[in-house]
Structure formats: C-alpha cells, structure tokens
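Each chain is listed here by its residues.
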Amino acid sequence: MKMRSLYRGLKTSYRGSNVSRRAQRFENWTARASSEGATTDYDHADTVREYYDLCSEFMVFGWGESLHFAPLSRHESLEESIARHQRLIISKLELRPGMVVIDVGCGVGGPMRRVVREADVRVVGVNSSEIQLDKAKALSADAGLDHMVDYVHCSFMDMSAIEDNSFDRGYAIESTCHAPDKAGAFTEIYRVLKPGALFWGQEMCMTSKFDPDNDRHRSIKQDLMRGIALKDIETMDGVDRALESAGFRIVEGVNLAIAEDGPATPWYRPMEVWGGTRASALRRTSAGRKAVIRASRLAELLGVFPKGSSKVVELLDRTAGAYVAGGATGIFTPLYCFLARKPP
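The shown structure was predicted, so the numbers you read here are calculated from the model rather than taken from an experiment.

Caption draft 1: Expanded view of the nonpolar core. Counting 49 residues, the largest nonpolar core has Phe58, Met271, Tyr323 and Phe332 as its most contacted members. Leaving out residues up to four positions away in the same chain, Phe332 has contacts with Met204, Cys205, Met206, Thr207, Leu224, Ile233, Trp267, Tyr323, Gly326 and Gly327.

Written out as structure tokens, the structure reads:
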C-alpha cells in the first residue's frame, strides 16, 4: 500500500519533468549558496521550494506525514514521540476551542491535523510549495478535517495576502530555519499575529560545541546546509536575537535534544538503527535507505518510477548522514524550541 501511494505521489509531484536534471540543478544551487562569494543571481526561495517539491514524497514515505524531529524516548516509537511533541506544542500555546492559528510552513499538514483534532481550533497553513499544499489538502480531506483548515500559497517572508493582527496563535516547526533573513521572517510572523498572541517555534541550530576553526565541524555544517537547503545555520542565541529584533518577548527557549532528567535517546537514532517492528522504521536506517535507492533504480528501469527518482533518494541519504554526524558530534540540533509572545 505504501509503495502504491509513493508511486502515485511521485507521478503527481514530478508531473513528467526531468527529475535527474532537477536534482542536479538543486545540488548545484545549494553548492553555490553555501560557498564563499556566491553569485548574486541565486534565489534561495526557489531552492527551498524545489527541495520540498523534489523530496516530500520520499520524506513522507520514510518519516511520515509530520516532517520534523522530536525528543525521543526509548519507550516510544518515533511516531509516538512525534505525537507527544505535538501535544507539548498544543499545551505551550494554550490553545482554546474557536481560536484561529497560523501554521508557518505547514509542510503536508501532519502537525496541523493533530492541532485541529485535539485543540478544536481553525488552522491556516502557509506554504510556498504548491506540491506540498496539494498533498496537505488531500490528506486533510481524507481525514475529514478540510472544513477546519485553510491554506495560503505564499512565502512566509511575504505574507501580504494576510491582514495584520489576524491570528490568535502561531507556530513554525523547522520552517523558519530556511529563511534567508530570520529577523525578516519573524517580523512578518509578528505582523500577522494579534497583540498578546503566543508563537511557538522549532529551529535547526548550531550549538556552542561548534568550532568554526575545526575542519570536520565546518564540513558537517556545509553538508547540512546543502542537504536541507539552508542558506546558513543560526545559533540558538542568534535565533533569540532575531525574535527580539522583530518585537517578540521570549518566554522560554530550550534545546530539547538535551533531556533535563538524564541522558536522552538521540534525536537522530531512527536514522542509525532499526527500532520497533514497522517497515518505515527500517527504511529510515542507513541500510534501509540504501535498499530504497536500489529499489528506486529498479523501478526506474521498469518504468514504474520517474527517471531520476533514485537521485532524490541518494540526496536524502547523504542528508541523513549529515544529520547523524551533526548530532553525534553535538554541534547541531534540530530541536531548539522557543515560546515567544507578541506584546499586548
């Protein structure tokens, strides 16, 4: 069933385009963006959109509909940890029935659907990727939640289609890490929130262990930037400064990759070892990803997958390796989580 869904999704997402050429162009773009003296004609927004247009179907196939990391517990599956994490977001935002909430960079809508179901609020998802929005709409309709969600096709850097002071609450889960100007992104989010509104975010950051003079550390950072379509990777302090420059008051900020009560299960563990019994858990591991690459190549030869699909899986495999390296060295976290408020 999963393979049939993947097949249909790839056909829809790629729409007969030359996937090999697109994947190579994407890698050329990210190489330019992450190199010193990058040319001025580079458009980071286009790169981020292409990243998700190319990769989303395989990301959902391997990770699930909620395309983000979560603090893990050895007593839980990844899916259970993600659900627990999303319930933390609902709690931190103090959501109440009838509120209107903005999901900044909503992906394919996994978190949105939980927020709607469990908090009884209306959610508006903002996304620059039409491919992801189409999938989010279909999945929400299948879940019977389409009457509780709306969508705006735009970049969160320019949400001029949305009026000032529109939302009671907001959240951004691993989306504003893609912003070419983080303070600018937070300023636009600040504008569309009502006075007194809470805003919850999850950012990818370099930690204090990152040494810019360490060749290995610099290489890992470059691999992460190229693999995830990041123009740069901010520090946690840098995120806080950007929030404050936009006008937000920071309520709390914590790296949830570090457990308060002792050693945590590493957030990157699902990309290293097979935990649990689900086939999706195996697909996330290095061996599983290699198997998906081989299967994709065969599916291309048989005409089942669009040609070039395996190139996308190879890109995701390399990116997973960079995630593991960043996590294992402790220089990178995708779990800097903050709660901020727009002053009344």
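Caption draft 2: View of the pattern of salt bridges. On inspection of all chains with the given rule, the structure shows 23 salt bridges. For Arg284, the salt bridge identified is with Glu79, shortest N-O distance 2.5 Å. Separated by 205 residues along the polypeptide, Arg284 in helix α10 (residues 279-284) and Glu79 in helix α4 (residues 78-92) bring together distant segments of the chain. Asp164 serves as the salt-bridge partner of Arg191, at 2.6 Å between the closest nitrogen and oxygen. In this pair, Arg191 is assigned in helix α7 (residues 182-192) and Asp164 in the loop between β3 (149-153) and β4 (167-173), connecting sequence segments 27 residues apart. By sharing partners, the salt bridges in this structure join Arg22, Arg25 and Glu50 into a single network.

Caption draft 3: Here's a closer look at the pairing of β4. The element β4 is largely enclosed, with a buried count of 7 among its 7 residues. Two elements, strand β1 (residues 100-104) and β4, share 3 bridges in a ladder whose sense is parallel. Across the sheet, Val101 pairs through a bridge with Arg169, a residue of β4. Pairing geometry for β4 and strand β5 (residues 193-206), over 6 bridges, is parallel. By the bridge assignment, Phe167 is partnered in β5 with Leu193. In this view, the connection linking β4 to its parallel neighbour β5 by way of α7 has right-handed handedness.

Caption draft 4: Region of interest: the pairing of β3. The sheet contact formed by strand β2 (residues 122-127) and β3 spans 5 bridges and is parallel. Residue pairing across strands places Val126 opposite Val152, the latter belonging to β3. Chirality of the crossover, the property in question, places the unit of β2, helix α6 (residues 130-142) and β3 among those that are right-handed.

Caption draft 5: Spatial organisation of the packing of aromatic side chains. Counted under the stated rule, the structure contains 16 aromatic pairs. Centre to centre, the rings of Phe186 and Phe338 are 5.9 Å apart; their planes meet at 80 degrees, and the pair counts as edge-to-face. Taken as a pair, Phe186 in helix α7 and Phe338 in strand β7 (residues 332-341) lie far apart in primary sequence, 152 residues in all. Take Phe186: its relative accessible area is 0%, and that puts it in the buried class. Measuring from centroid to centroid gives 6.1 Å for Tyr323 and Phe332, while their planes differ by 40 degrees, and the two rings are tilted. Three or more aromatic residues link up through ring pairs in this structure, and these residues are Trp63, Phe69, Trp267, Tyr268, Tyr323 and Phe332. Against the face of Phe61 rests Arg283, its NZ or CZ located 3.9 Å from the ring centre.

Basis of the calculations
Residues numbered from 1 in each chain as written. Predicted model: local features only at pLDDT ≥ 70, side-chain atom pairs only at ≥ 80, totals over all residues. Heavy atoms only, no water. Core = buried A, V, L, I, M, F, W, Y, C linked by side-chain atoms within 4.5 Å. Buried < 20%, exposed > 50% of the residue type's maximum accessible area, 1.4 Å probe, protein only. Contact = heavy atoms within 4.5 Å. Salt bridge = Lys/Arg side-chain N within 4 Å of Asp/Glu carboxyl O. Helix = DSSP H or I, 4+ residues; strand = E, 2+ residues; numbered from the N terminus. Pairing = 2+ DSSP bridges. Right-handed = clockwise from strand over helix to strand, strands pointing away. Phe/Tyr/Trp six-rings, centres within 6.5 Å; stacked < 30°, edge-to-face > 60°. Lys NZ or Arg CZ within 6 Å of the ring centre and 35° of its normal.

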